[in-house]
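# Examining the three-dimensional arrangement
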Amino acid sequence: MRFPFRRAALAGAAALVVSSAPAAPAAEDYTVADPAQYVNPFVGTAPGGADFGHGGGAGNTFPGATAPLGGVQWSPDTVTYQHGGYAYGDNRIRGFSLTHLSGAGCKGYGNVPFMPTLAGDTTGHATFSHANERATPGNYRVAFDNGIRSELTATQRSGIARFTYPATDDRPAALSVDAGRAFNKATGTVDIGTDTLSGFTDSGGFCKSANRYRLYFHAVFDHPFAHAAHPDGRPGAAQVSFRPGVRTVTVRVGVSFVSVDGARRNIAAEQHTNSYDQIRRAARARWNDWLGRISVGGGTGTQRRVFYTALYHSLLHPSAFSDADGRYPGMDGHIHTTPSGHVQYANFSGWDVYRSQVQLLALLAPHEASDIARSVLNQGLQAGYFDRWTLANGGTGVMVGDPLPVIASAVHAFGATDFDARGLLRAAMAGRKDKRQRPGHAQYDSLGYIPAGTKGVWGSAATTLEYAVCDYALAQLAHRLGDTAAYATLLKASGNWRNLFNPATGYLQPRAADGTWPAFTPAQTKEYVEGNAAQYTWMVPHDLPGLFTLMGGNAAVTARLDTFFTRLNAGGTQPYAYLGNEPSFDTPWAYDFAGRPDRARDTVRRALATLFSDRPDGLVGNDDLGAMSSWAVWASLGMYPQAAGTGQLALVAPAFPSTVVHRPGGPRMVLAAPDASATSRDIRTLMVTAPQRKGS
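Presented here is a report on the structure given in the accompanying data block.

Across its full length, the chain holds 18 helices and 31 strands. Over its C-alpha atoms the chain spans a radius of gyration of 25 Å, differing by no more than 12% from the 26 Å that the globule rule assigns to 696 residues. Principal axes of the C-alpha set define a box for the chain whose edges measure 80 × 60 × 50 Å. Counting every position in the chain, which comprises 696 residues, the buried fraction comes to 64%. Here the chain has roughly 23700 Å² of accessible surface; of this, 51% comes from carbon and sulfur atoms.

Dropping the structure here:
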């Protein structure tokens, strides 16, 4: 695979060698055998920054058990609700639900909570101490103050739990399951067998949208029930207890968006007859395989914990949606089947993840990333358009822009090409004329921008800039595919950002349909989305040289960036950086294009040191299904995928003396920076070498 680097990033270039040749001995010496030991899944479960009104000041992550890109996220839910389900400051757990979103800014999932209890306990929750709780990749356990211990682990579409009840309490072991409870309104049914609970739940309403989904589940216990009932006559809940003397209960649970039988088959396909401990060890081994695709050497313990925790969070989504046999419900409501060996994925936080998360997936997991692009195309063809934020098999219309085609183009640029890229391009081109996919497209195409106040458009200036980014990404895909007509059309449209540049102010700002400029201030949020004019003015990642020319050249740009980064996370109403949210993500790297990589280095280092930590409050804003964490991973590597749809990387000094990227099916990429440390500053040299081919 070829990685072209931005030349501006190398200007003024501790020694850095980026290589796909065999690693130097120093790199091997630093290989991390068990990277999972450095992951703290609690990072992001407590607020690390101010709540600026965009989903809270926490990462909104969850600490429970899941697999890489897993369809089950079996995790504790606290009585105090926080997006993600778990608020670190609350010591009361009300259940362990089967589905979660990591880092979303709205309520979603939280389906079918399981809660171990002692017979007769009607409290509805149990208290615990964090001293008696542990979370590691793929595994979670907690001991309640009442003596019940819960242990959870997961495969891709199923989970297994071991509940241990206190021997000193003679009340029967019991457990409740509620299919009528989720983070949003839910209904459902639970069918009770002799040792099984099966059923479905209907829920939805993510970000107050009309999105709805049905999730099926099947649970089989290793002991028959002594007593089972629907509490208060509710068919959507079940309460079961076990015979006296039973103090350990193991339950296997499968989920499916197709049927109860699908959930049952998913258990059989992924768990076989393996014990809890075998599945627990396999879950950790699976995570070590994925986390170990980047081996870092040197650095402090804190740096490693921040890095591998961020990498872990970057690999949680999208979520496996198809059953083990390939079946899944499409966006058209019909059941479809994936080709053998492929997976349909769901839960696309498009506006967030197109910037850097999917590129990281494509680098580390090209097969899965190709399936993600296939999934995007399937969604678009089945729905008739590409939605911006999809949950399960439905759109939500959340956020702005046209990000799902960008996702496909971005992973294609990073070598994940096993999907119908031409079909994707055709569908994306058609979608540019669909108001469901691109509100305001008529004005965007005719005027070259979306006028302020356009009906049905959230943030005319922000949406114009997002469409331009998408058009550039699609243009690059068209270029790689040799579609010259589409390339020309898209490349021209990608320059529409210029129509919002007001030379009198030097900002990209809202514009009226008649071409005039409404009253304006750099801190205004009107006609922008979760940000302001000062922040969105830099959001031209595909043509920063062009923007900088209009701004008066590199010296003027550098001075503006210096002022902008006086504050790193100022929120959406202040004219400074807002690195706790996506529109500012690429701005630190803009210094590279102004010939000041030293400033880029300092800003990235400052952000890594002050906005990310290895504690529960280690994220200052929503992780948005791995988007923010992926930024920290790229920043630690000293590179960033600046322009979506290309393989270009902006560079700064890496955080670690040695890094080896092990790409499945491809050569290793070695970053050797022997003098790298928390205080080292300069890149003096850069060398990129290719692997030696046989016969060369």
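A few words on the packing of aromatic side chains. The description of two aromatic rings rests on the distance between their centres and on the angle between their planes. With the rule as written, the count across this model stands at 31 aromatic pairs. Aromatic side chains Phe52 and Tyr578 sit 5.4 Å apart centroid to centroid with 80° between the ring planes, which places their arrangement in the edge-to-face category. Residue Phe52 is found in the loop between α1 (25-29) and β2 (65-66), and its partner Tyr578 is found in the loop between α15 (554-564) and α16 (590-593); the two are separated by 526 residues along the sequence. Overall, Phe52 belongs to the partly exposed group, its relative accessible area being 30%. Taking the relative accessible area as the measure of exposure, Tyr578 reaches 5% and is therefore buried. Both rings, one in Phe221 and one in Phe242, keep their centres 5.9 Å apart while their planes meet at 50°; by these two values the pair is tilted. Of this pair, Phe221 sits in strand β13 (residues 212-221) while Phe242 sits in the loop between β15 (237-241) and β16 (248-256); the two residues are 21 residues apart in sequence, bridging distant segments of the chain. Across this residue pair, the class does not change: Phe221 and Phe242 are buried. Pairwise contacts between aromatic rings join Tyr109, Tyr213, Phe257, Phe321 and Tyr328 into one cluster. Over the ring of Tyr81 we find Lys107, and its NZ or CZ is 5.2 Å from the ring centre. Against the face of Phe200 rests Arg214, its NZ or CZ located 3.8 Å from the ring centre.

Enumeration according to the criterion identifies 1 disulfide in this entry. Paired through a disulfide, Cys106 and Cys207 show a sulfur-sulfur distance of 1.8 Å. Measuring the twist about the S-S bond at about 90°, one finds the Cys106-Cys207 disulfide to be right-handed. With a gap of 101 residues between them, Cys106 in the loop between β4 (92-97) and β5 (114-118) and Cys207 in the loop between β12 (196-204) and β13 connect regions that are remote in the sequence. Relative accessible area serves as the criterion here: at 27%, Cys207 is assigned to the partly exposed category.

Turning to unusual backbone geometry, a few remarks are in order. Among all residues except glycine, the phi angle is most often negative; among peptide bonds, the trans geometry is most common. The residue after His317, namely Pro318, is reached through a cis peptide bond having omega 0°. Examined against the element boundaries, Pro318 turns out to sit in the loop between α4 (301-314) and β18 (319-320). In this model, Ala392 sits at a positive phi of 55°, which is unusual for a non-glycine residue. Within the fold, Ala392 resides in the loop between β23 (389-391) and β24 (394-395).

Further remarks concern empty space enclosed by the protein. Its boundaries defined by the atoms lining it, the largest cavity holds a volume of some 110 Å³. Around the largest cavity, the lining is made up of 13 residues, and of these Tyr354, Arg355, Pro541, Asp586 and Gln642 lie nearest the centre. When grouped by side-chain class, the residues that make up the lining of the largest cavity number 9 nonpolar, 1 polar and 3 charged.

Right, let's get into the sheet that holds β23. As summarised here, the arrangement of the 3 strands in space is β22-β23-β24, forming an open sheet in which the pairing is antiparallel. For this open sheet the edge positions go to β22 (348-349) and β24, each flanked by a neighbour on one side alone. When β23 meets β24, the two strands line up antiparallel, connected through 2 bridges. Along β24, the bridge assignment pairs Leu391 with Gly394.

Moving on: α15. Considered for burial, the residues of α15 that qualify are Val557, Thr558, Leu561 and Phe564. The buried residues of α15 occupy one face: seen down the axis, they fall within an arc of 120°. Where the residues of α15 are buried, they touch α13 (533-536), α14 (544-551), α16 and α17 (597-611).

What follows concerns the environment of Arg388. Relative to the helices and strands, Arg388 resides in the loop between α7 (366-383) and β23. Judged by its relative accessible area of 10%, Arg388 falls in the buried class. With 40 residues separating them along the chain, Arg388 and Phe348 place their C-alpha atoms 7.9 Å apart. Separated by 3.4 Å, the side chain of Arg388 and the backbone oxygen of Arg436 make a polar contact.

The residue Ala373 is located in helix α7 in this model. Judged by relative accessible area, Ala373 falls into the buried class, the value being 0%. Note: C-alpha distance between Ala373 and Trp287 (86 residues apart in sequence) is 23 Å. Setting aside residues no more than four positions away along its own chain, Ala373 makes contact with Ala408, Val411 and Phe419.

In this section: the side chain of Thr464. Take Thr464: it is sitting in helix α11 (residues 460-481). You can call Thr464 buried: its relative accessible area is 0%. A distance of 3.0 Å separates a polar atom in the side chain of Thr464 from the backbone nitrogen of Ile450. At 2.8 Å, the side chain of Thr464 and the backbone oxygen of Ser460 are in polar contact. Contacts of Thr464, omitting those with residues within four sequence positions, involve Tyr444, Gly448, Tyr449, Ile450, Asn496 and Leu500.

It is possible for side chains of opposite charge to pair when their charged atoms get near one another. Within this structure, the stated rule accounts for 31 salt bridges. Taking the shortest distance from any N to any O, the salt bridge between Arg432 and Asp471 comes out at 3.0 Å. In this pair, Arg432 is assigned in the loop between α9 (421-431) and α10 (441-447) and Asp471 in helix α11, connecting sequence segments 39 residues apart. Of the two residues, Arg432 and Asp471, neither departs from the other in class, the shared state being buried. Between Lys433 and Asp445 there is a salt bridge, and its shortest N-O distance comes to 2.8 Å. In this pair, Lys433 is assigned in the loop between α9 and α10 and Asp445 in helix α10, connecting sequence segments 12 residues apart. Exposure remark for Asp445: the relative accessible area of 33% places this residue in the partly exposed category. Salt bridges sharing common partners tie together Asp402, Arg432, Lys433, Arg438, Asp445 and Asp471.

Cut-off values and rules
Residues numbered from 1 in each chain as written. Predicted model: local features only at pLDDT ≥ 70, side-chain atom pairs only at ≥ 80, totals over all residues. Heavy atoms only, no water. Helix = DSSP H or I, 4+ residues; strand = E, 2+ residues; numbered from the N terminus. Rg over C-alpha atoms; globule rule 2.2 N^0.38 Å. Buried < 20%, exposed > 50% of the residue type's maximum accessible area, 1.4 Å probe, protein only. Areas by Shrake-Rupley, 256 points an atom, 1.4 Å probe, with all protein chains shown as cover. Phe/Tyr/Trp six-rings, centres within 6.5 Å; stacked < 30°, edge-to-face > 60°. Lys NZ or Arg CZ within 6 Å of the ring centre and 35° of its normal. Disulfide = S-S within 2.5 Å. 1 Å grid on protein atoms, 1.4 Å probe; cavity = no way out; pocket = protein on both sides within 12 Å on 5 of 7 lines; lining within 4 Å. Points joined across faces, edges and corners; volume = space filled by probe spheres on them. Nonpolar A, V, L, I, M, F, W, Y, C, P; charged D, E, K, R; others polar. Pairing = 2+ DSSP bridges. Arc of directions from axis to C-beta. Contact = heavy atoms within 4.5 Å. Polar contact = N/O pair within 3.5 Å; in protein donor to acceptor, adjacent residues only side chain to side chain. Salt bridge = Lys/Arg side-chain N within 4 Å of Asp/Glu carboxyl O.

That's the geometry; what it means functionally is another story.
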